[in-house]
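So you can see what is in the structure, the chains are spelled out below.
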Amino acid sequence: MEERLKWMALVGGGALLGSVSTLFLLKLLRRKLESQCSSVKAIEFDGKEFKAAPPTIKNCKVAEDRDGGMDGQDLLKDEIVSEQLTRNIQFFGVEFQQKVTASYVVIIGLGGVGSHAASMLLRSGVGRLLLVDFDQVSLSSLNRHAVATREDVGIPKAQCLKKHFSAIFPECQIDARVLLYDASSEEDILSGHPDFVLDCIDNIDTKVALLAACVRRGLKVLSATGAGARADPTRIRVADLRESTNDPLSRSVRHRLRKDYGIEGGIPVVFSLEKPKVKLLPFKGSIREEENPSDYQGSHHTSSWNHSCNFGQIMASYVVTQLAGFQVHTEPVVNLDTDHYHILHQRLIEHEELLYGTAMQVQVDVAEVMYIVKDLWRGRSAREQSIEHAGRGMWRSVNELMLVRWDQRKPASVSNLILLKFKEADEHESRTLDDIKEKEPEYFNRVTSVLKRAELDFGL
């Protein structure tokens, strides 16, 4: 009996000690939460107001008014924000991530493409977003929308994104506009000096007007072409509008920009090399006609549930690297097949034998010729690498192109070969590099920079 009483006393003492310890830890946790949240706007924690807002902590509810956000330069000073963006900071570095968090981006069109682009821009730490769309969330759009749920069906897409985004990254300044982009809303949407504009519109008239306005205002813009009726994610590219192929929408946009505004190129677009698998479908919606303008009815198509998302993710990745100043060399669009690279390699050997009497100085194989032609010179003459020439030198054959040494004193290596037309090659080999540097410094520096990239890629 005495032994039993001892055991009961020990158990009771342990329970009392455990209760005291639990209360003590809860107090510490409460103080820690209050401390972590001290740098953000007012929140409610279990019914009491604090100056803290860690959005990921349970029972920590963000207050309604979050439009003010935080200054972009100060975002990374917040411990919670810094931890949330730690992977980005590790990749870009603090200085480059600060450029992202200080940026202002406008996204127009918030469907399958635009919602995913906006979502990843938010998660990448962009400090200010303007979300624009006239339409509402529909049940049929849930297969490809970034955040919408069945509870969101019927509410404006812009407000839907803002609601969800405020729980993901509440420090971001989010402005949601239920607007149709046109001439009357241009100033309202494009003013404020955005660092980037994302065109995720699928109507030709509206898309062309927006792109022309961005060019006129000198704004950086990235446009999404047709993502529907396609399925192969490996065929997606980012290139100048001139270089986009196999896409009826981009073809129409190119024609209209040139015809109506005299714009030849210089606009980066996300597009697919894949031909559409099925035809466009007529619009069959339940929204009233005045809420769904008639000029949009021909633009609805069999949107691929994953391809639209891929387009949006790629747009966000491209924009974030641009905002951070992080150099990325996009996959070139080159209309050459394997045989063409063999021809160029053989042509180089024959030219070396003719000019130098031997091909012993040729230090590249066919695979390296492919790298030189495709990755370095993008299938165009080194003389035609500026953006205004984009698309004009996309040779479907190699009848006019050849590889020659940049510096004739060095071997024909991967870091010393340039792609030129026959006449340009003859002229180049009649001059010295000193002459080119003196008379064409911009061209000299550009070529030198490209060849330097080859040295880095091959560790030379």
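The model shown is predicted, which means the values in this text are computed figures rather than measured ones. (Residues numbered from 1 in each chain as written. Predicted model: local features only at pLDDT ≥ 70, side-chain atom pairs only at ≥ 80, totals over all residues. Heavy atoms only, no water.)

Caption draft 1: Expanded view of helix 11 (residues 338-356). The end-to-end C-alpha distance of helix 11, which contains 19 residues, comes to 27 Å, matching closely the 27 Å that a straight helix rising 1.5 Å per residue would cover. Among all positions in helix 11, only His340, Tyr341, Leu344, His345, Leu348, Ile349, His351 and Glu352 are buried. Against helix 12 (366-376), strand 11 (401-405), strand 12 (417-421) and helix 13 (422-429) lie the buried residues of helix 11. The first or second residue beyond helix 11 is Gly357, which carries a positive phi of 85°. (Helix = DSSP H or I, 4+ residues; strand = E, 2+ residues; numbered from the N terminus. Expected span 1.5 Å × (residues − 1). Buried < 20%, exposed > 50% of the residue type's maximum accessible area, 1.4 Å probe, protein only. Contact = heavy atoms within 4.5 Å.)

Caption draft 2: Spatial organisation of the sheet that holds strand 10 (residues 268-272). Taking strand neighbours across the sheet as the criterion, the seven strands line up as 6-5-4-7-8-10-9 in an open arrangement whose pairing is mixed. The two strands at the open ends of the sheet, each matched to only one other strand, are strand 6 (173-177) and strand 9 (236-240). Ignoring strand direction, the axes of neighbouring strands in this sheet form an average angle of 15°. Sheet topology note: the strand 5 (residues 128-132)/strand 6 ladder contains five bridges and is parallel. Bridge pairing links Leu129 to Ile174 in strand 6. Helix-sheet contacts for helix 6 (residues 157-168) involve strand 5 and strand 6, and the interaxial angle to strand 6 is about 160°. (Pairing = 2+ DSSP bridges. Axes fitted to C-alpha atoms, helices over the stretch in contact; angles between N-to-C directions.)

Caption draft 3: The arrangement of the pairing of strand 9 in detail. The buried count for strand 9 comes to five of five residues, which makes it a mostly enclosed element. Relative to strand 10, strand 9 runs antiparallel, the two being bridged by five bridges. Considered in strand 10, the bridge of Ala239 is made with Val269.

Caption draft 4: Inspection of the confidence of the model for the chain at higher detail. Of all residues in the chain, 72% have pLDDT values of 70 or greater, and the mean over the chain is 78. Predicted confidence is poor over residues 20-68, with pLDDT under 50, and the contacts of this stretch with residues over four places away or in other chains come to 76 contacts. Segment residues 387-396: pLDDT under 50, and 32 contacts once partners within four positions in sequence are set aside and those in other chains are kept. (pLDDT = per-residue confidence, 0-100.)

Caption draft 5: Geometry of the packing of aromatic side chains. Counting across every chain of the model gives seven aromatic pairs. Taken together, a centroid distance of 6.5 Å and an interplanar angle of 90° make the contact between Phe196 and Tyr318 edge-to-face. In this pair, Phe196 is assigned in strand 7 (residues 196-199) and Tyr318 in helix 10 (residues 307-324), connecting sequence segments 122 residues apart. Residue Phe196 shares its accessibility class with Tyr318, and that shared class is buried. Arranged with centres 5.8 Å apart and planes meeting at 45°, the rings of Trp406 and Phe444 form a pair that is tilted. Of the two residues, Trp406 sits in the loop between strand 11 and strand 12 while Phe444 sits in helix 15 (residues 441-458), which places them 38 residues apart along the sequence. With respect to class, Trp406 is no different from Phe444; both count as buried. (Phe/Tyr/Trp six-rings, centres within 6.5 Å; stacked < 30°, edge-to-face > 60°.)

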